[in-house]
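A closer look at the structure
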Amino acid sequence: MGGTRKDGEAHVSGQANKPLSLPPHALSSEAVSREIGADSEDGLTAVEAKSRLEAHGRNELGDAAGVNPARILIRQIANAMMLVLIMAAAVSFGIQSYIEGGVIAAVIIVNIIVGFFQEFNAEKTMESLRSLSSPTASAVRDGKTEVVPTAEIVPGDMVELKTGDTVPADIRLLEAVNFETDEALLTGESLPVQKNAQATFDPDTGPGDRLNVAFSSSTVTKGRARGIMFATGMKTEIGTIANALRATGKKTRPVKRKPDGSARPHRYAEAWGLTAADFVGHFLGVNIGTPLQRKLSKLAILLFGIAVVCAIIVLAANDFSKNREVIIYAVATGLSMIPAALIVVLTITMAAGTKRMVQRHVIVRKLDSLEALGAVTDICSDKTGTLTQGKMVAKRAWLPSKGTYSVGTSSDPYDPTAGELSHNKCAPNEIEVESETTEQNGRGTSHEDLLKDNPQLKDYLTVASLANLAHVHETGEGWKARGDPTEIAIQVFASRFNWNREHLTKEESWSHVAEFPFDSDVKKMSVIFENKSLDKKMVFTKGAVERIIASCNMVRWEEGSKLTEMTEERRERILENMEALAAQGLRVLALASREYSSDIGGSNADYDRADIEKDLTFQGLIGLYDPPRIESAGAVKQCHQAGVAVHMLTGDHPGTARAIAAQVGIIPSNPQNVAKEVADSMVMTANAFDKLSNEDIDRLPVLPLVIARCSPNTKVRMIEALHRRKCFAAMTGDGVNDSPSLKRADVGIAMGQAGSDVAKDASDIVLTDDNFASILNAVEEGRRMFDNIKKFVLHLLSENIAQACTLLIGLAFKDSSGLSVFPLSPVEILWVIMITSGMPDMGLGVEVAAPDIMARPPQSLKKGVFTMEVLVDMLVYGFWMAALCLTSFSLILFGFGDGGLGTNCNDSYSAECDTVFRARATTFVCLIWFALFLAWELINMRRSFFRMQPNSKKYFTQWMHDVWRNQFLFWAIMAGFVTVFPTLYIPVINRVVFKHEGISWEWGVVFIEAILFVGGVEAWKWGKRFYYRRRAIKEDGKGMDLESKVFEQYMIPRNASSEELADEKMER
């Protein structure tokens, strides 16, 4: 338990884990930092943080529920499948079939033991994954901002908070800018509370009035802050009400009442009935778990009904005889239809899938998304930090009156001394990039020379430095930075001229007054600063170019000239230069400022933002380069191969977005071959997209592959448009405003590093590395898991069909007394169920992905597991196994034997039953071997068992590597082969228990039939490959490269007009 006191003293409200001289709210922030041993500049070291974690424990609210073994054991016993087996055992003992009853009891015990340990391990895996998906905090350690799990935050950690974050522990604020938190969970106060980092309060002040403290579990509703952790775990204020947080919901349905609170008797009966139905549904598993789990639970109930019908058929075929062997055979036939291991194997497969995803930088928050991932047809991704590296470098700065400043190549994005500065008097749209780069080689200009007699550059750099929250500083280990990557890049650029925030606040006497954080709707960020030595107050603003110039009324256009009016012509010139920078793949922002003449009411005063951000003076543009991730182009290409369309939804300028999209392959490399209407639809601005009605969007020949200047509402509309086109969409997001689109998407994907806690809570999965390639990993793992579920469901149901057909058709073999002679004894049936189902199916559940899994189109969730291919395969394999089993029984009995069925051969061995017992043994071995061989064949549902790896050069031995690769499946099948022999040759066990006889020459029949079985399966798979190859060639065309296949529908056909193409797309 986090923060447990060892000295037994009661914890004082508001105190730190290790008590300070006064509660932190009564001390200054400097005193708290000093007493708690914190560093307000570089944070704790990793070594110190580890030491404090050991000393104070994890930051958790008491003991977590964890894995409950007793509950898991009860689940193994108290479920519908197990109760059927228990009833079967009871029937067996009731009719004095003690051997069969004992075997069923053994099956029950083995199932409970295996199921318990497998589910216990699965629960432990899921518990560890739940801890990974818990909220995280941005802590400063070793001078760097790191994403740390909330549970590992320690007293003394310096934490940065922003809008949408959940406060990880009790924090004494060092800095708070327009900072408000929602403390309703703690105080019951419905309105957010504004914080003041500079204030101190009386030690006895209550929690609700401690305005210099941010409390654990509260959420940040506005602004940003930085502070020092002083209390974690149960020492936090919220720790005192942790038990209330763990309250569980009622499990009874409420009674519908009248407005006056009364209710008629039938309403009570209705509530009780619904509660009972909920309990039964929960017990049967049809109203809990993921959609697939519920679907398979319903399938199990259907199979139970079929099992009852099969049992009745057995009894009817024997004139409802009260013969004990007939009754137990009917019970065993019914059991053969029930897939007892189905739900357990599904649970284990899902747990294994989530564990594999963690290794591939994906944390699954909702199990439903595991099924959905494989069906994704469209991925809507952000650009910055997802498709790109998120390590921005300022490459160009343009001042209308001075020209263009450029930065040379730098190996360290944080080092302002790396990379040479140069100046060109021309505007960006007048510069040829290649010639400029050539001229820069080998020469540069010092920042002193560039700043000399250059007040315009100083004004520009002042905006760049102060309208900026990033912190860049040099340590003994080199340059370090914390903050948003965009702001870090701008701060580093200002630092190249030694004109950064630290210089301006300490040496130039600028002090912070107020801040208006970046808003995705207004697309601007502003601050108010005061310089008392100059008796001057200024507004500094940066943001999207279109929004900034719309707010500007003045500009210094030519060198040496005074400020002049911002005309529409000049706005057009600015936009032309922005386009020139964007065409180079740069993200372009505008900087502006104005003098502020109104009175200042203090750091927490309320201001009218619209009034602050008007009548600005345009200072210039800055171009930031964020190179695409090395793996992005390959990941986008793989998405196209997998039939998944990629859409880029970014806040950047259309030119920048278009350049990056072309680099990574989201849009075609030869746009001249695309019809104009389609090209216009491929890349759109959010403004243009949002102006369209839903009907207009639906008439577009193609939904946009790139939307620039994207707003949160645009993302929601894009998801809705995809849904109307029957697409299955995944959406990425990191901010608070992304929550609606994340919830609306079929799969919401939050960023683990840059994402807010609100976005993570709204998401289905979280990327721990914020990398687009990890989305592809998630899709691949989703498909692999869905593929494996299809494999073991197909294996289970094929077996069920084979057993049902063998047992029911076998009723036709009747002895002289008119009773059926069973081709398999009841114990043999139970043994087949136990040996060939559970463990091999678990092995199939953890099988690696098929080589072509990302070359197939997305799967349909509407069809789910039961595709037409699976249904046909199930019938083919089931009937083929049954046909061969009945053939083996008939061959031994009639082909090589005398055809005599003896008397009472279902009950005991005699000389006249010898042939029947040998025929039964042969059928038993055949059925087990067929089922085990089928598990290996289903490693790949289409490719030959002997050539599962299409590019392998091991023509004759590749199958050996394939079967050995999945060792769980290998040993499960080997165990099934080996356990046949004791049942055949151990005296008493063979004749008395299993009702069969050891075989000799009959092995020849077994081997021949095994070869025939494998040959039949291989022939069927060859036929499927031939069919699907022909269909693929017909659908995809021949000899096309990938880009042509992906964008073929958008290309202009020869001799076709663009209007005809647009009409064709609209008809589609």
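These figures come from a predicted structure and were not determined experimentally.

Let's shift gears to a nonpolar patch on the surface. The grouping of Leu73, Ile77, Leu83 and Ile86 at the surface amounts to a nonpolar patch, some 280 Å² of accessible area in total. Those elements giving two or more residues to the nonpolar patch turn out to be helix H3 (69-77) and helix H4 (80-94). One can find Leu73 in helix H3. Leu73 sits in the partly exposed class, given a relative accessible area of 37%.

Glancing now at the confidence of the model for the chain. Residues at a pLDDT of 70 or more form 87% of the chain, whose mean pLDDT is 82. Residue range residues 1-8 is modelled with pLDDT below 50. Its contacts to residues more than four positions away, or to other chains, number 25 contacts. Contacts from residues 243-249, a stretch scored under 50 in pLDDT, to residues over four places away or in other chains number six contacts.

Moving on: the packing of helix H29 (residues 772-809) against helix H30 (residues 826-836). Across the interface, H29 lies against H30 with an axial gap of 12 Å and an inter-helix angle of 170°. Considering their axes alone, H29 and H30 lie roughly antiparallel with respect to each other. Facing His795, Glu799, Gln803 and Leu807 of H29, the residues of H30 in contact are Ile829, Val832, Ile833 and Thr836. Grouping the constituent residues of the contact of H29 with H30 by class yields four nonpolar, three polar and one charged.

What follows covers the state of the cysteines. Inspection of every chain in the model, using the stated rule, returns one disulfide. The side chain of Cys905 participates in a disulfide bridge whose partner is Cys913; the two sulfur atoms lie 1.9 Å from each other. Here the S-S torsion is close to -85°, and the disulfide linking Cys905 with Cys913 is therefore left-handed. Look at Cys905 and you get buried, because its relative accessible area is 1%. Between Cys727, a cysteine without a disulfide, and Cys380, which holds the nearest cysteine sulfur, the sulfur-to-sulfur distance is 9.3 Å.

One finds Leu335, Ile379, Ile666, Phe772, Phe792, Trp929 and Trp936 to be the most contacted residues of the largest nonpolar core, which totals 143 residues. At 19 residues, the largest contribution of residues to this core is made by H29. Grouped together as the second largest cluster of nonpolar side chains are 33 residues, Leu421, Leu450, Ile490 and Phe497 included.

The next thing to look at is the pattern of salt bridges. Summed over the entire model, instances satisfying the criterion amount to 36 salt bridges. A salt bridge links Glu60 to Arg58; its shortest N-O distance comes to 3.0 Å. Classification of Glu60 by relative accessible area gives partly exposed; the value is 30%. You can call Arg58 partly exposed: its relative accessible area is 34%. Glu613 is the salt-bridge partner of Lys524, the closest N and O atoms lying 3.9 Å from each other. Of this pair, Lys524 sits in strand E16 (residues 524-531) while Glu613 sits in the loop between helix H20 (609-612) and strand E21 (616-625), and the two are 89 residues apart along the sequence. Residue classification places Lys524 among the buried residues on the basis of a relative accessible area of 9%. A relative accessible area of 6% means that Glu613 is categorised as buried. Linked by salt bridges that have partners in common, Arg356, Arg360, Glu780, Glu781 and Arg784 make up one network.

Here the focus is unusual backbone geometry. The backbone of Arg709 sits at a positive phi, close to 50°, despite the residue not being glycine. Its place among the elements puts Arg709 in the loop between strand E24 (706-708) and helix H26 (712-724). One non-glycine residue, Asp770, lies in the positive phi region at around 55°. As for its position among the elements, Asp770 is in the loop between strand E27 (765-767) and H29. Taking the relative accessible area as the measure of exposure, Asp770 reaches 7% and is therefore buried.

Let us look at the UniProt feature "transmembrane region" (unreviewed entry) in the chain. The UniProt record marks residues 77-95, 101-120, 299-320, 326-351, 870-897, 917-939, 968-989 and 1001-1020 with the feature "transmembrane region" (unreviewed entry), using the residue numbering of this structure. The distance separating the terminal C-alpha atoms of residues 870-897 is 38 Å; by composition the span is 93% helix and 0% strand. Between the end C-alpha atoms of residues 917-939 there is a gap of 34 Å, over a span that is 91% helix and 0% strand.

About the criteria used
Residues numbered from 1 in each chain as written. Predicted model: local features only at pLDDT ≥ 70, side-chain atom pairs only at ≥ 80, totals over all residues. Heavy atoms only, no water. Patch = residues over 30% accessible without salt bridge, like charges linked within 9 Å, V, L, I, M, F, W, Y side chains within 5 Å. Areas by Shrake-Rupley, 256 points an atom, 1.4 Å probe, with all protein chains shown as cover. Salt bridge = Lys/Arg side-chain N within 4 Å of Asp/Glu carboxyl O. Helix = DSSP H or I, 4+ residues; strand = E, 2+ residues; numbered from the N terminus. Buried < 20%, exposed > 50% of the residue type's maximum accessible area, 1.4 Å probe, protein only. pLDDT = per-residue confidence, 0-100. Contact = heavy atoms within 4.5 Å. Axes fitted to C-alpha atoms, helices over the stretch in contact; angles between N-to-C directions. Parallel < 35°, antiparallel > 145°, perpendicular 65-115°, else oblique. Nonpolar A, V, L, I, M, F, W, Y, C, P; charged D, E, K, R; others polar. Disulfide = S-S within 2.5 Å. Core = buried A, V, L, I, M, F, W, Y, C linked by side-chain atoms within 4.5 Å. UniProt positions renumbered as here; feature names shortened; annotations may be inferred.

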